[in-house]
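# Results of the structural survey
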Amino acid sequence: MPAALPLPPPPPLTLPLQQSPLYRDALRRIGADAAVMAWAGGDWLVLRREFPVIGRVALVSRPDLAADADPGPLRKDLGADLVIVNAATAANGAAFRRAGFLRLAPPREVAMLSLARQPEDWLARMDGKWRNRLRHAQRQPLTITAGALAPDPNHWIFQAEAAQQRARGYRNLPPTLIAAMGATAGALTLFTAQTAGTTIAAMLFARHASGASYLIGWSDAQGRNLSAHNLILWHAMNNLARQGVAAIDLGQCAGDQADGLARFKRGAGAATMVLGGTWAMAGLLAPLHGLLRGLRSRMPPP
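I will try to describe carefully the structure that is included in this document. (Residues numbered from 1 in each chain as written. Predicted model: local features only at pLDDT ≥ 70, side-chain atom pairs only at ≥ 80, totals over all residues. Heavy atoms only, no water.)

### Details of the packing of aromatic side chains
Filter applied, for reference: The criterion for an aromatic pair is that two Phe, Tyr or Trp rings (for Trp, the six-membered ring) have centres within 6.5 Å, with stacked assigned to planes under 30 degrees apart, edge-to-face to planes over 60 apart and tilted to the rest. A run of H or I in DSSP counts as a helix once it spans at least four residues, and a run of E counts as a strand once it spans at least two, with each numbered from the N terminus. The cut-offs for exposure are 20% and 50% of the maximum accessible area for each residue type, with area from a 1.4 Å probe on protein chains only; residues under the lower value are buried, those over the upper are exposed, and the others partly exposed.
Applying the stated criterion to the full structure yields seven aromatic pairs. Note on Trp 156 and Trp 218: the rings are 5.6 Å apart at their centroids and 80° apart in plane angle, and the pair reads as edge-to-face. Pair noted here: Trp 156 is in helix H6 (residues 156–168) and Trp 218 is in strand S10 (residues 211–219), with a separation of 62 residues, a long-range link. According to the relative accessible area criterion, Trp 156 is partly exposed, its value standing at 34%. Between Phe 205 and Tyr 214, the ring centres sit 5.7 Å apart and the planes meet at 50°, which makes this aromatic pair tilted. Note on accessibility: Phe 205 and Tyr 214 belong to one class, buried. These aromatic residues form a ring-pair network of at least three members: Phe 191, Phe 205 and Tyr 214.

### A closer look at the sheet that holds strand S4 (residues 82–86)
Just so we agree on the cut-off: In this description, strands pair whenever DSSP reports at least two bridges between them. Axis definition: a line fitted to C-alpha atoms, over the contacting stretch in the case of helices. Angles run 0 to 180 degrees between N-to-C directions. Contacts are assigned to residue pairs that have any heavy atoms within 4.5 Å of one another.
Read across the open sheet, the six strands follow the order S1-S2-S3-S4-S13-S5; overall the sheet is mixed. Of all strands in the sheet, those with a lone pairing partner are strand S1 (33–39) and strand S5 (102–105), marking the two edges. Across this sheet, the average inter-strand angle for adjacent strands is 30°, counted without regard to direction. Packed on one face of the sheet, helix H1 (residues 21–29) meets S1 and strand S2 (42–51) and runs near 145° to S1.

### Regarding the pattern of salt bridges
For clarity, the threshold we go by: Throughout this description, the term salt bridge denotes a Lys or Arg side-chain nitrogen within 4 Å of a carboxyl oxygen of Asp or Glu.
A full pass over the atoms with the stated rule returns six salt bridges. Between Arg 24 and Asp 25 there is a salt bridge, with its nearest N and O atoms 2.9 Å apart. The exposure class of Arg 24 is partly exposed, given its relative accessible area of 22%. Residue classification places Asp 25 among the partly exposed residues on the basis of a relative accessible area of 25%. Its salt-bridge partner being Asp 121, residue Arg 117 comes within 3.7 Å of it at the nearest N-O pair. Given the relative accessible area of 65%, Arg 117 is considered exposed.

### What to know about the pairing of strand S8 (residues 188–195)
In terms of residue burial, S8 counts as a mostly covered element, since eight of its eight residues are buried. Residues Leu 188, Leu 190, Thr 192 and Gln 194 line one face of S8 and the alternating positions Thr 189, Phe 191, Ala 193 and Thr 195 line the opposite face, and both faces are buried. Relative to S8, strand S7 (residues 143–148) runs antiparallel, the two being bridged by six bridges. The residue of S8 that forms the bridge with Gly 147 is Leu 190. Sheet analysis places S8 next to strand S9 (residues 198–208), joined by eight bridges and oriented antiparallel. Across the sheet, the residue bridging to Leu 188 is Ala 206, located in S9. The antiparallel hairpin formed by S8 and S9 contains two residues in its connecting segment, where Ala 196 sits at a positive phi of about 50°.

### With respect to the packing of helix H5 (residues 128–138) against helix H9 (residues 228–242)
As a reminder of what qualifies: The labels follow the angle: roughly parallel below 35 degrees, roughly antiparallel above 145, roughly perpendicular from 65 to 115, and oblique for the rest. Gly is placed with the polar residues, together with every amino acid not listed as nonpolar (Ala, Val, Leu, Ile, Met, Phe, Trp, Tyr, Cys and Pro) or charged (Asp, Glu, Lys and Arg).
Between H5 and H9, the least distance of the axes is 8 Å, while the angle of their chain directions is 95°. If you check the angle between H5 and H9, you find them roughly perpendicular. Across from Trp 130, Arg 133, Leu 134, Ala 137 and Gln 138 in H5, the residues of H9 making contact are Asn 230, Leu 231, Leu 233 and Trp 234. By residue class, the composition of the contact of H5 with H9 is six nonpolar, two polar and one charged.

And the structure:
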């Protein structure tokens with residue numbers, strides 16, 4: 001096969017997971033104060049929480065901010081003492097900067113995998129090495145299964161990933177929140193790879209509107225040796241496309257963190273999309289900068 005085709009522009013999701021009804025309902029199931037508020041011509045999902053001394057904190061992740069909107073009044077309009085926003089785009093981040101928000105974290109890159117056109121087009125967009133790993137996996141005695149994930153925070157996939165998080169030093173959404181998404185019929189699909197009756201790798205996806213989001217990936221040493229994740233993702237792409245999914249948000253894609261994972265996502269044909277950074281507005285931001293960073297670490301990941 002010839003060299004990989006140029007990547008199309010990153011496909012925007014009609015609704016990121018963090019702004020979806022699926023996410024809202026899951027937050028409410030675990031007792032979080034998740035409200036949908038009309039602002040700047042759109043509906044924003046806002047997570048609210050009370051903290052000692054600071055007061056009411058409002059967190060908004062990847063909202064749809066119109067190009068001409070002024071986010072200056074946002075804190076007052078949301079009735080919050082402190083508002084934290086994970087901006088969806090670089091242009092949105094610039095708007096928050098102009099409005100006087102303090103940047104808490106720089107923009108992150110996420111990998112967006114388009115499911116437009118046909119599987120042969122997906123293959124053509126993949127990196128040659130990634131396609132070779134896929135072919136390698138297809139020659140192995142692997143069985144891929146797909147099934148709904150029950151709303152059980154003690155499911156084995158969460159226990160396996162908890163150990164993986166400790167070993168690799170990263171943070172994911174809490175199992176209680178992910179499991180709560182599973183209470184929505186058809187929302188979560190767990191793809192697993194087995195050989196000789198033993199599960200050696202798995203990937204979990206959430207479907208929301210015409211998009212999907214990758215939530216968890218786990219593999220043991222045998223799964224890595226057999227390129228099981230390449231085959232799982234290939235099956236997931238086909239499965240989700242048949243359900244009407246147009247793009248998969250594969251999550252963070254930073255070359256300096258978990259570089260192998262970033263290469264895996266890009267190699268699959270994903271295009272990189274730069275978000276807009278994390279921003280905050282409160283009464284006196286400069287003295288609170290360190291405190292705000294600590295507070296942000298206690299909120300759910302963007």
